[in-house]
Amino acid sequence: MKQTHEFQTEVSQLLDLMIHSLYSNKEIFLRELISNASDAIDRLKFSALADDSLLEGKEALQIYVNVDKAAGSITISDNGIGMSEAEVNKNIGTIANSGTKKFLKNLDEKQAQNSNLIGQFGVGFYSSFIVADKVVLTSRKAGTKGKKGTRWTSAGKGKYDIEKVDCPDFGTTVTLHIKKAEKEFLDETRLRSIISKYSDHITVPIMMIKPSEDGKEIEYEAVNKANAFWMQDKKKLKQADYDEFYKSLTYDFESPLTQLHNRVEGNLDYTSLLFIPAKAPFDMWEPKRKGGIKLYAKRVFIMEDNEELMPLYLRFVKGVIDTADLSLNVSREILQSNKVVDAIRKASVSRVLKALEKMSKNQPEKYATFWQEFGMVMKEGIVEDFANKDKIANLLRFATNKSDNSTQNSTLETYVKNMPKQQKAIYYITAESFEAAKGSPHLEIFNQKNIEVLLLSDRVDEWLVSNFTEFQGTPLKSIAKGDLEDLDNQNDKKTKEKVAKDFKEVIQKVSKILEAQVKEVKISKRLSESPSCLVADENEMGGNMERIMKSLGQDVAATKPILEINPKHPLVKKLKTKVDKNLVQVLFDQAVLSEGGQLKNPAEFVKRMNKLIG
């Protein structure tokens, strides 16, 4: 019995994008469907290691591409793992990845016209509707009793039909009824050239009917090389070969930034081919996002998306690792404590970090592109990968108070090298944005003395500095915490001590007025222009970190800041004549605003300001 279902809203949006704007390179639909078929066969091979009855006596696992010019259709079929009815509904009727929903929500018209965007999320099946006005998918899960399968039919216009059908063969068949405007794809020679261009390195044979002289005898031939690309001699491979393999592996439209192709023999025997993309995937920050390394054992696909092969902070790395040192029936649980995997992971991480270090020194413009896309993720490595902390630290880039814009291109090594001899720390400030950090009153004394300060505005930066306290023996110090006594010479200290004595009575009265809001009131050593600022105690959480924690729903223990006032500012000088409560509260509120905080009662702040102005 046929059942009609509505597409999930996000799928309808996606289909509309696919059909009208997202793909400018229409021929890519064939690569997407062949890659899906290849994955299905890989999964069957792995499952059959534990249960060979799934193969149902079939020895050859292949992909077939057939053209029916009379019917105006192209059929791509495989004898892979197949899908049950529930899986067809789940995999094709909905988009489970919340990141895809977020992507679609944020996609503007200009972005939608960029064909490169499709490489940032894996929804290749829907590319069928670029060239087809009707798609029929028939699938039976390998091992299903009764030979019953599922047929899915849709014209890509908001609805799809599902029905149970007799299906003697396991696997999946996708038939595309080609649009009149896309009849060029009904040419077998055209399809062969597309397969050669995009899918030549698929390890599964892709079969098409061999041209016959009499036109009667039907014989199939493989139209791709069907070998393991990563096992080929890299000396014989061109960059174009790597680029096309990368695209077929990742569904990305852009070529990778670089690749690392290595063959290791000795105590361990494995080959790795790792790619660093040129663009960050849209779902890089999704909690459930999976990794991009496929694991093979003796050229047999074992599993993918395994976190044991690459740490989380290198989750953008794509590629293949093929080892002869793992059994074909290795389980995910065994993999988690496997010494071979640990050794391969350690070597792979080292290889990636060395490649990035080399790129940063020899190709700074290329590394700047990498940092712009993946810098925030690399910062996680300081916290996650203690063993490689120093290597990662050398790869970090920052904006500073000497930067003209928010571009992060200053290194810690250069910072330390340019430090005055008397400077004892690497200074930094954290804020919600580069502009907020650049305009912070805490910077005033540093700008005045021409001292460089790191401006940290990425959300991950608070965790970075919490776990990264020194670089090559030089401590990191927040300019918004504690005292800054090491900035003053003896004359400065004497002058400030004298001013503090002069303002002693004012400080006492201000402290009394603000006793419920602040821990202490001090004469500032930081300020030269602003009237006031808030400072955290050396060992307490800063205001920016507190706001981030609260935004994440975390309970944060209440702490009072220290209020510092600038005795040279006209507003503060007024306090010498009279300690006005409204003025005192305005100085506190201004300090809250200047560090990116929010006032509890903005209307009251406005009233006080109006009274002072009036």
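As a convention, each chain's residues are numbered from 1 in the sequence order in which they are written. Restriction of local features to residues with pLDDT of at least 70 applies here, the model being predicted, together with a cutoff of 80 or more for giving and counting side-chain atom pairs; totals for whole chains, interfaces and linings are based on all residues. In computing side-chain values, all of the structure's heavy atoms are included and hydrogens and water are not.

In this analysis, axes come from line fits to C-alpha atoms, helices being fitted only over the stretch in contact, and the angle between any two N-to-C directions falls in the range 0 to 180 degrees. Each helix corresponds to a stretch of at least 4 residues labelled H or I by DSSP, and each strand to a stretch of at least 2 residues labelled E; elements are numbered beginning at the N terminus. Close contact between helix H20 (residues 570–577) and helix H21 (residues 581–594) brings their axes to 10 Å; oriented N to C, the two are set at 150°. With respect to H21, the element H20 is oriented roughly antiparallel. Note that H20 runs across H21; the crossing there is left-handed. Residues Leu571, Val572, Lys574 and Leu575 of H20 lie in contact with H21, whose contacting residues are Leu583, Val584, Leu587 and Gln590. Amino acids are sorted into nonpolar (Ala, Val, Leu, Ile, Met, Phe, Trp, Tyr, Cys and Pro), charged (Asp, Glu, Lys and Arg) and polar (every other residue, Gly among them). Here the residues of the contact of H20 with H21 sort into 6 nonpolar, 1 polar and 1 charged. Should an angle lie under 35 degrees it is considered roughly parallel, over 145 roughly antiparallel, and from 65 to 115 roughly perpendicular; all remaining angles are considered oblique. Crossings are classed by handedness, with left-handed meaning an anticlockwise turn of the near helix from the far one by less than a right angle and right-handed meaning a clockwise turn. Contacts between residues were defined by any pair of non-hydrogen atoms, one from each residue, lying within 4.5 Å.

Inspection of the secondary structure assignment puts glycine 72 in the loop between strand S2 (63–68) and strand S3 (73–78). The spatial distance from the C-alpha of glycine 72 to the C-alpha of histidine 177 is 6.0 Å, given a sequence separation of 105 residues. Setting aside chain neighbours within four positions, we find glycine 72 in contact with Leu176, His177, Ile178, Lys183 and Leu186.

Here we come to the environment of alanine 480. By the secondary structure assignment, alanine 480 is in the loop between strand S19 (474–478) and helix H17 (490–502). Here's how the labels work: a residue is buried when its accessible area is under 20% of the maximum for its type, exposed when over 50%, partly exposed in between, all with a 1.4 Å probe on protein chains only. When its relative accessible area of 19% is taken as the criterion, alanine 480 is described as buried. Each C-alpha atom, one on alanine 480 and one on proline 441, is 9.5 Å from the other, the two residues being 39 residues apart in sequence. Leaving out residues up to four positions away in the same chain, alanine 480 has contacts with His442, Arg526, Val535 and Ala536.

Turning our eyes to something else, we now look at the packing of aromatic side chains. Pairs were defined over the aromatic rings of Phe, Tyr and Trp, the Trp ring being its six-membered one, requiring ring centres within 6.5 Å. Orientation was assigned from the angle between planes: stacked under 30 degrees, edge-to-face over 60, tilted for the rest. On inspection of all chains with the given rule, the structure shows 18 aromatic pairs. Relative to tyrosine 242, the ring of phenylalanine 229 has its centre 5.6 Å away and its plane inclined at 90°; by these criteria the two rings are edge-to-face. Here the residue phenylalanine 229 occupies a position in the loop between strand S9 (220–222) and helix H8 (239–250), and tyrosine 242 occupies one in helix H8, the gap between them amounting to 13 residues. Of the two residues, phenylalanine 229 and tyrosine 242, neither departs from the other in class, the shared state being buried. Taken together, the ring pairs connect Phe229, Trp230, Tyr242, Phe245, Tyr246, Phe275 and Tyr296 into an aromatic cluster. Only when the NZ of Lys or the CZ of Arg is both within 6 Å of the ring centre and within 35 degrees of the ring normal is a charge said to sit over the ring. Its guanidinium or amino end placed over the ring of phenylalanine 253, arginine 31 lies 5.8 Å from that ring's centre, counting from NZ or CZ. Across the ring face of phenylalanine 503, the terminal group of lysine 576 is positioned such that the distance to the ring centre comes to 5.1 Å.

Residues apart from glycine generally show negative phi values, whereas peptide bonds are mostly found in trans. A positive phi angle, near 55°, is found at lysine 147, a position not held by glycine. Within the secondary structure layout, lysine 147 lies in the loop between strand S4 (132–140) and strand S5 (148–154). With phi around 50°, glutamine 472 is a residue other than glycine that occupies positive phi space. Along the chain, glutamine 472 turns up in the loop between strand S18 (470–471) and S19.

Structurally, the position occupied by glutamine 408 is in the loop between strand S15 (399–400) and helix H13 (412–418). Here tryptophan 371 takes part through its side chain, which lies 2.9 Å from a polar atom of the side chain of glutamine 408. Every residue in contact with glutamine 408, bar those within four places of it in the chain, is listed here: Trp371, Lys379, Arg397, Phe398, Ala399 and Asp458. N or O atoms within 3.5 Å of each other form a polar contact, as long as, within protein, one can give a hydrogen and the other can take it, and as long as residues adjacent in sequence are counted only when both atoms are side-chain atoms.

This next bit is on the sheet that holds strand S1 (residues 3–6). Spatial ordering of the open sheet is given by S1-S6-S5-S4-S7-S3-S2-S8-S9, a layout of 9 strands whose pairing is mixed. Both outer strands of the open sheet, S1 and S9, are each paired with one neighbouring strand and no more. Averaged over all adjacent pairs, the angle separating strand axes in this sheet is 20°, with direction ignored. When DSSP finds two or more bridges between a pair of strands, those strands are recorded as paired. Inspection of the sheet shows strand S8 (residues 206–209) paired to S9 by 3 bridges, in the antiparallel sense. Looking across to S9, one finds that isoleucine 209 is bridged to tyrosine 220. Strands in contact with helix H2 (residues 28–50) are S2, S3, strand S7 (171–178) and S8; relative to S3, the strand with the most contacts, it is inclined by about 20°. Strand contacts of helix H7 (residues 188–198): S2, S3, S8 and S9, with the helix running at about 165° to S8, the strand carrying the most contacts.

One open sheet accounts for 3 strands, arranged S20-S22-S21; its pairing is mixed. In the strand order of this sheet, the two ends are held by strand S20 (520–523) and strand S21 (532–535), each with one partner. For this sheet, the mean angle separating the axes of adjacent strands, direction not counted, is 25°. Where S20 lies against strand S22 (residues 562–565), 4 bridges are found, and the strand directions are parallel. Paired with lysine 522 across the two strands is glutamate 564, which belongs to S22. Set on the sheet, helix H18 (residues 504–513) makes contact with S20 and S22; between it and S20 the angle comes to about 150°. Against the sheet, H21 makes contact with S21 and S22, and its axis sits at roughly 60° relative to S21, the strand it touches most.

Consecutive side chains along a regular strand alternate between the two faces of the sheet. Two elements, S2 and S8, share 2 bridges in a ladder whose sense is parallel. Note that in S8 the partner of tyrosine 64 across the bridge is methionine 207.

In this structure, glutamate 380 sits in helix H11 (residues 364–384). Among the polar contacts made by the side chain of glutamate 380, one reaches the side chain of arginine 315 at a distance of 3.0 Å. Not counting residues within four places of it along the chain, the set of residues in contact with glutamate 380 comprises Trp285, Tyr313, Arg315 and Val460.

Quick look at the pairing of strand S12 (residues 292–297) now. Summarising burial for S12: 6 of the 6 residues are buried, a large majority. Side chains of S12 alternate between two faces, with Gly292, Lys294 and Tyr296 and Ile293, Leu295 and Ala297 buried alike. As paired strands, S12 and strand S14 (residues 318–323) are joined by 6 bridges and run parallel to one another. Looking at the pairing, isoleucine 293 lines up with glycine 319 of S14.

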